[in-house]
Amino acid sequence: MTDFVARARRFVDAHYPQALAAFLGGSAASGDATDSSDLDILIVLPDTWASASFVETVTFEGQLVEAFVYGRDGLLPWLKKGRDDGRPVLDRLITSGVSLVPGEVADGMAAGSRAVFDAGPAPIDDEQLNRRRYALSALVDDVADAGDQGIRNVASWAAWKEAAELALLWKGCWMGTGKWLLRELRAHGDPFGLAAWAERGGRDKGALLTSCNALLDEVGGSLQSGHVRGEKPRDLD
(Lines give C-alpha, C1' and ligand atoms only; values in the text may rest on other atoms or scores of the structure.)
Protein backbone atom coordinates (compact mmCIF):
# COMPACT_ATOMS: atom_id res chain seq x y z
CA MET A 1 0.00 0.00 0.00
CA THR A 2 1.28 3.44 -0.91
CA ASP A 3 2.41 5.62 2.00
CA PHE A 4 0.32 8.66 1.10
CA VAL A 5 1.54 10.73 4.04
CA ALA A 6 5.16 10.26 3.01
CA ARG A 7 4.30 11.13 -0.57
CA ALA A 8 2.45 14.26 0.57
CA ARG A 9 5.50 15.33 2.57
CA ARG A 10 7.70 14.82 -0.46
CA PHE A 11 5.31 16.94 -2.51
CA VAL A 12 5.49 19.81 -0.01
CA ASP A 13 9.29 19.55 0.17
CA ALA A 14 9.55 19.59 -3.63
CA HIS A 15 6.98 22.28 -4.47
CA TYR A 16 6.51 24.40 -1.33
CA PRO A 17 9.59 24.00 0.87
CA GLN A 18 8.91 27.44 2.34
CA ALA A 19 5.51 26.39 3.77
CA LEU A 20 4.78 27.51 7.32
CA ALA A 21 2.17 24.76 7.69
CA ALA A 22 0.68 22.02 5.54
CA PHE A 23 -2.05 19.45 6.09
CA LEU A 24 -3.01 16.32 4.20
CA GLY A 25 -6.76 15.75 4.27
CA GLY A 26 -9.43 13.57 2.70
CA SER A 27 -9.28 9.81 2.24
CA ALA A 28 -5.48 9.79 2.14
CA ALA A 29 -5.41 11.10 5.70
CA SER A 30 -8.23 8.87 6.98
CA GLY A 31 -6.73 5.66 5.61
CA ASP A 32 -9.52 5.07 3.09
CA ALA A 33 -7.53 6.00 -0.02
CA THR A 34 -6.68 3.73 -2.92
CA ASP A 35 -3.88 4.10 -5.42
CA SER A 36 -6.27 6.06 -7.68
CA SER A 37 -7.19 8.58 -4.96
CA ASP A 38 -5.85 12.11 -5.16
CA LEU A 39 -4.07 13.97 -2.38
CA ASP A 40 -5.78 17.01 -0.87
CA ILE A 41 -3.12 19.22 0.67
CA LEU A 42 -3.55 22.60 2.34
CA ILE A 43 -0.43 24.79 2.12
CA VAL A 44 0.12 27.96 4.17
CA LEU A 45 2.84 30.28 2.84
CA PRO A 46 5.02 32.81 4.69
CA ASP A 47 3.94 36.43 4.87
CA THR A 48 5.90 37.29 1.72
CA TRP A 49 2.86 35.80 -0.02
CA ALA A 50 0.30 36.84 2.62
CA SER A 51 -2.50 37.49 0.12
CA ALA A 52 -1.91 34.38 -2.03
CA SER A 53 -5.03 32.33 -2.69
CA PHE A 54 -5.17 29.63 -5.34
CA VAL A 55 -5.82 25.95 -5.93
CA GLU A 56 -3.74 23.92 -8.34
CA THR A 57 -4.01 20.33 -9.50
CA VAL A 58 -0.77 18.64 -10.53
CA THR A 59 0.59 15.12 -10.95
CA PHE A 60 3.27 14.09 -8.46
CA GLU A 61 4.88 10.67 -8.48
CA GLY A 62 2.08 9.47 -10.74
CA GLN A 63 -0.71 10.69 -8.43
CA LEU A 64 -2.99 13.69 -8.72
CA VAL A 65 -2.49 16.31 -6.05
CA GLU A 66 -4.98 19.09 -5.35
CA ALA A 67 -3.07 21.78 -3.50
CA PHE A 68 -5.01 24.51 -1.70
CA VAL A 69 -2.38 27.23 -1.38
CA TYR A 70 -2.84 30.36 0.73
CA GLY A 71 -1.01 33.08 2.50
CA ARG A 72 -2.33 33.73 5.98
CA ASP A 73 -4.40 36.74 4.83
CA GLY A 74 -5.62 34.89 1.76
CA LEU A 75 -6.78 31.96 3.86
CA LEU A 76 -9.02 33.93 6.21
CA PRO A 77 -11.88 34.75 3.79
CA TRP A 78 -12.09 31.12 2.67
CA LEU A 79 -12.25 29.91 6.25
CA LYS A 80 -14.98 32.47 6.93
CA LYS A 81 -16.94 31.51 3.82
CA GLY A 82 -16.94 27.84 4.75
CA ARG A 83 -18.10 28.62 8.26
CA ASP A 84 -20.80 31.03 7.11
CA ASP A 85 -22.06 28.54 4.52
CA GLY A 86 -22.18 25.73 7.07
CA ARG A 87 -19.60 23.72 5.09
CA PRO A 88 -16.19 24.32 6.73
CA VAL A 89 -14.19 22.36 4.16
CA LEU A 90 -10.81 23.79 5.11
CA ASP A 91 -11.47 23.57 8.84
CA ARG A 92 -12.40 19.92 8.33
CA LEU A 93 -9.21 19.30 6.35
CA ILE A 94 -7.17 20.86 9.16
CA THR A 95 -8.90 19.10 12.06
CA SER A 96 -9.13 15.64 10.48
CA GLY A 97 -5.94 15.85 8.46
CA VAL A 98 -2.31 15.01 9.04
CA SER A 99 0.08 17.84 9.77
CA LEU A 100 2.93 17.72 7.29
CA VAL A 101 4.91 20.71 8.60
CA PRO A 102 4.68 20.69 12.39
CA GLY A 103 5.24 23.83 14.40
CA GLU A 104 3.50 26.71 16.13
CA VAL A 105 1.60 27.82 13.02
CA ALA A 106 0.18 24.36 12.43
CA ASP A 107 -0.66 23.93 16.13
CA GLY A 108 -2.47 27.28 16.23
CA MET A 109 -4.43 26.52 13.08
CA ALA A 110 -5.46 23.10 14.38
CA ALA A 111 -6.62 24.55 17.71
CA GLY A 112 -8.60 27.31 15.99
CA SER A 113 -10.31 24.97 13.55
CA ARG A 114 -11.09 22.47 16.29
CA ALA A 115 -12.76 25.18 18.37
CA VAL A 116 -14.87 26.22 15.38
CA PHE A 117 -15.81 22.64 14.62
CA ASP A 118 -16.75 21.87 18.19
CA ALA A 119 -18.91 25.00 18.45
CA GLY A 120 -20.96 24.04 15.39
CA PRO A 121 -22.63 26.39 12.91
CA ALA A 122 -24.72 29.41 13.81
CA PRO A 123 -28.33 28.41 14.55
CA ILE A 124 -30.52 28.34 11.47
CA ASP A 125 -32.61 31.51 11.30
CA ASP A 126 -36.29 31.74 10.31
CA GLU A 127 -35.59 33.04 6.80
CA GLN A 128 -33.16 30.24 6.00
CA LEU A 129 -35.40 27.65 7.62
CA ASN A 130 -38.44 28.71 5.61
CA ARG A 131 -36.45 28.85 2.39
CA ARG A 132 -35.26 25.30 2.95
CA ARG A 133 -38.71 24.09 4.02
CA TYR A 134 -40.14 25.54 0.82
CA ALA A 135 -37.48 23.95 -1.37
CA LEU A 136 -37.85 20.54 0.24
CA SER A 137 -41.65 20.69 0.11
CA ALA A 138 -41.57 21.32 -3.63
CA LEU A 139 -39.11 18.49 -4.19
CA VAL A 140 -41.23 16.09 -2.14
CA ASP A 141 -44.17 16.84 -4.45
CA ASP A 142 -41.92 16.26 -7.47
CA VAL A 143 -40.86 12.86 -6.16
CA ALA A 144 -44.42 11.86 -5.29
CA ASP A 145 -45.94 12.96 -8.59
CA ALA A 146 -43.24 12.10 -11.15
CA GLY A 147 -44.40 9.51 -13.66
CA ASP A 148 -41.15 9.52 -15.60
CA GLN A 149 -38.59 7.28 -13.89
CA GLY A 150 -35.64 9.44 -14.91
CA ILE A 151 -37.25 12.60 -13.54
CA ARG A 152 -38.19 10.76 -10.35
CA ASN A 153 -34.60 9.61 -9.87
CA VAL A 154 -33.23 13.13 -10.33
CA ALA A 155 -35.89 14.63 -8.06
CA SER A 156 -35.24 11.96 -5.42
CA TRP A 157 -31.54 12.74 -5.11
CA ALA A 158 -32.23 16.47 -5.14
CA ALA A 159 -34.76 15.98 -2.31
CA TRP A 160 -32.29 13.79 -0.43
CA LYS A 161 -29.56 16.43 -0.60
CA GLU A 162 -31.93 19.21 0.50
CA ALA A 163 -33.27 17.08 3.35
CA ALA A 164 -29.80 15.99 4.48
CA GLU A 165 -28.59 19.58 4.68
CA LEU A 166 -31.72 20.73 6.51
CA ALA A 167 -31.55 17.83 8.97
CA LEU A 168 -27.97 18.68 9.89
CA LEU A 169 -28.59 22.41 10.22
CA TRP A 170 -31.71 21.80 12.31
CA LYS A 171 -29.67 19.65 14.69
CA GLY A 172 -26.93 22.29 14.92
CA CYS A 173 -24.42 20.26 12.89
CA TRP A 174 -22.07 21.20 10.09
CA MET A 175 -22.99 20.17 6.57
CA GLY A 176 -20.68 18.50 4.09
CA THR A 177 -20.14 18.44 0.36
CA GLY A 178 -20.51 15.27 -1.71
CA LYS A 179 -19.57 12.16 0.26
CA TRP A 180 -18.95 14.30 3.34
CA LEU A 181 -22.68 15.06 3.52
CA LEU A 182 -23.37 11.36 3.98
CA ARG A 183 -20.54 11.05 6.48
CA GLU A 184 -21.94 13.91 8.55
CA LEU A 185 -25.38 12.23 8.64
CA ARG A 186 -23.78 9.01 9.85
CA ALA A 187 -21.72 10.83 12.45
CA HIS A 188 -24.79 12.48 13.97
CA GLY A 189 -27.08 9.49 14.25
CA ASP A 190 -29.13 9.77 11.04
CA PRO A 191 -32.34 10.63 12.94
CA PHE A 192 -34.54 10.70 9.83
CA GLY A 193 -33.12 7.66 8.06
CA LEU A 194 -31.59 9.63 5.19
CA ALA A 195 -28.17 7.98 5.34
CA ALA A 196 -29.86 4.59 5.51
CA TRP A 197 -31.89 5.43 2.38
CA ALA A 198 -28.73 6.23 0.43
CA GLU A 199 -26.99 3.11 1.72
CA ARG A 200 -29.87 0.94 0.49
CA GLY A 201 -29.35 2.22 -3.05
CA GLY A 202 -31.57 5.29 -3.13
CA ARG A 203 -34.43 3.58 -4.98
CA ASP A 204 -37.24 3.35 -2.43
CA LYS A 205 -39.49 6.32 -3.17
CA GLY A 206 -41.80 5.60 -0.25
CA ALA A 207 -38.98 5.46 2.27
CA LEU A 208 -37.54 8.76 1.01
CA LEU A 209 -40.93 10.47 1.24
CA THR A 210 -41.39 9.12 4.77
CA SER A 211 -37.99 10.50 5.81
CA CYS A 212 -38.55 13.90 4.18
CA ASN A 213 -42.04 14.31 5.60
CA ALA A 214 -40.85 13.33 9.09
CA LEU A 215 -38.18 16.02 8.84
CA LEU A 216 -40.67 18.60 7.57
CA ASP A 217 -43.05 17.78 10.42
CA GLU A 218 -40.29 18.42 12.95
CA VAL A 219 -39.18 21.76 11.49
CA GLY A 220 -42.63 23.29 11.10
CA GLY A 221 -44.37 21.36 8.32
CA SER A 222 -44.57 21.54 4.57
CA LEU A 223 -44.40 25.09 3.25
CA GLN A 224 -45.54 26.27 -0.16
CA SER A 225 -48.65 28.43 -0.36
CA GLY A 226 -48.10 31.75 1.41
CA HIS A 227 -44.32 31.64 1.30
CA VAL A 228 -42.75 34.94 0.19
CA ARG A 229 -39.12 35.29 -0.87
CA GLY A 230 -37.82 38.81 -0.54
CA GLU A 231 -39.79 41.66 1.02
CA LYS A 232 -43.29 42.33 -0.30
CA PRO A 233 -44.35 46.00 0.04
CA ARG A 234 -47.12 46.34 2.61
CA ASP A 235 -49.22 48.54 0.34
CA LEU A 236 -49.61 45.59 -2.07
CA ASP A 237 -51.68 43.63 0.43
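Residues numbered from 1 in each chain as written. Predicted model: local features only at pLDDT ≥ 70, side-chain atom pairs only at ≥ 80, totals over all residues. Heavy atoms only, no water.

## What to know about the packing of aromatic side chains
Part 1: Under the definition given, this model contains 5 aromatic pairs.
Part 2: Summarising the aromatic geometry, the rings of Trp 157 and Trp 160 are spaced 5.7 Å apart at their centres and angled 65° between planes, so their arrangement reads as edge-to-face. Taken as a pair, Trp 157 and Trp 160 lie in helix 7 (residues 149–170) at a separation of 3 residues, close to a single helical turn.
Part 3: Pairwise contacts between aromatic rings join Phe 11, Tyr 16 and Phe 60 into one cluster.
Part 4: Above the plane of the ring of Trp 180 lies Arg 183, whose end atom (NZ or CZ) is 4.6 Å from the centre. (Phe/Tyr/Trp six-rings, centres within 6.5 Å; stacked < 30°, edge-to-face > 60°. Helix = DSSP H or I, 4+ residues; strand = E, 2+ residues; numbered from the N terminus. Lys NZ or Arg CZ within 6 Å of the ring centre and 35° of its normal.)

## A few points about the pairing of strand 1 (residues 21–25)
Part 1: Summarising burial for strand 1: 5 of the 5 residues are buried, a large majority.
Part 2: Burial along strand 1 is two-sided: the residues Ala 21, Phe 23 and Gly 25 and Ala 22 and Leu 24 are all buried.
Part 3: Summarising the sheet, strand 1 and strand 2 (residues 39–45) pair through 5 bridges and their orientation is antiparallel. Bridge pairing links Gly 25 to Asp 40 in strand 2.
Part 4: Note: strand 1 against strand 5 (residues 98–99), 2 bridges, orientation antiparallel. Across the sheet, the residue bridging to Phe 23 is Ser 99, located in strand 5. (Buried < 20%, exposed > 50% of the residue type's maximum accessible area, 1.4 Å probe, protein only. Pairing = 2+ DSSP bridges.)

## Remarks on the side chain of Ser 156
Part 1: As for its position among the elements, Ser 156 is in helix 7.
Part 2: In this structure the side chain of Ser 156 is engaged in a polar contact, spanning 2.7 Å, whose partner is the backbone oxygen of Arg 152.
Part 3: If sequence neighbours within four positions are ignored, Ser 156 has contacts with Val 143, Trp 197 and Leu 208. (Polar contact = N/O pair within 3.5 Å; in protein donor to acceptor, adjacent residues only side chain to side chain. Contact = heavy atoms within 4.5 Å.)

## Focus: the packing of helix 7 against helix 10 (residues 205–219)
Part 1: Contact pair helix 7 / helix 10: the axes reach a minimum separation of 10 Å and the direction vectors enclose 35°. The two elements helix 7 and helix 10 meet at a crossing, and its hand is left-handed. Packed against helix 7, whose contacting residues are Arg 152, Ser 156, Ala 159, Trp 160, Ala 163, Leu 166, Ala 167 and Trp 170, the element helix 10 presents Lys 205, Leu 208, Cys 212, Leu 215, Glu 218 and Val 219 at the interface.
Part 2: Considering only residue class, the contact of helix 7 with helix 10 consists of 10 nonpolar, 1 polar and 3 charged. (Axes fitted to C-alpha atoms, helices over the stretch in contact; angles between N-to-C directions. Left-handed = near helix turned anticlockwise from the far one by under 90°. Nonpolar A, V, L, I, M, F, W, Y, C, P; charged D, E, K, R; others polar.)

## Describing the sheet that holds strand 2
Part 1: The 5 strands lie next to each other as 3-4-2-1-5, forming an open sheet whose pairing is mixed. Only two strands of the sheet have a single partner each, and these edge strands are strand 3 (53–60) and strand 5.
Part 2: On top of the sheet, helix 1 (residues 4–15) reaches strand 1, strand 2, strand 3, strand 4 (63–71) and strand 5; it is set at about 40° to strand 2, its chief contact.
Part 3: Contacting strand 1, strand 2 and strand 5, helix 5 (residues 104–119) crosses the sheet at an angle of about 50° to strand 1.

## Side note on unusual backbone geometry
Part 1: For Glu 61, which is not glycine, the phi dihedral falls at a positive 50°.
Part 2: Tracing the sequence through the fold places Glu 61 in the loop between strand 3 and strand 4.

## Points about the pairing of strand 3
Part 1: Note that strand 3 and strand 4 share 8 bridges and pair antiparallel. Each bridged residue has a counterpart across the sheet, and for Glu 56 the counterpart in strand 4 is Ala 67.
Part 2: Hairpin connection of strand 3 to strand 4: 2 residues between the antiparallel strands, including Glu 61 at a positive phi of 50°.

From the geometry alone we can't say anything about function, so treat these as descriptive.
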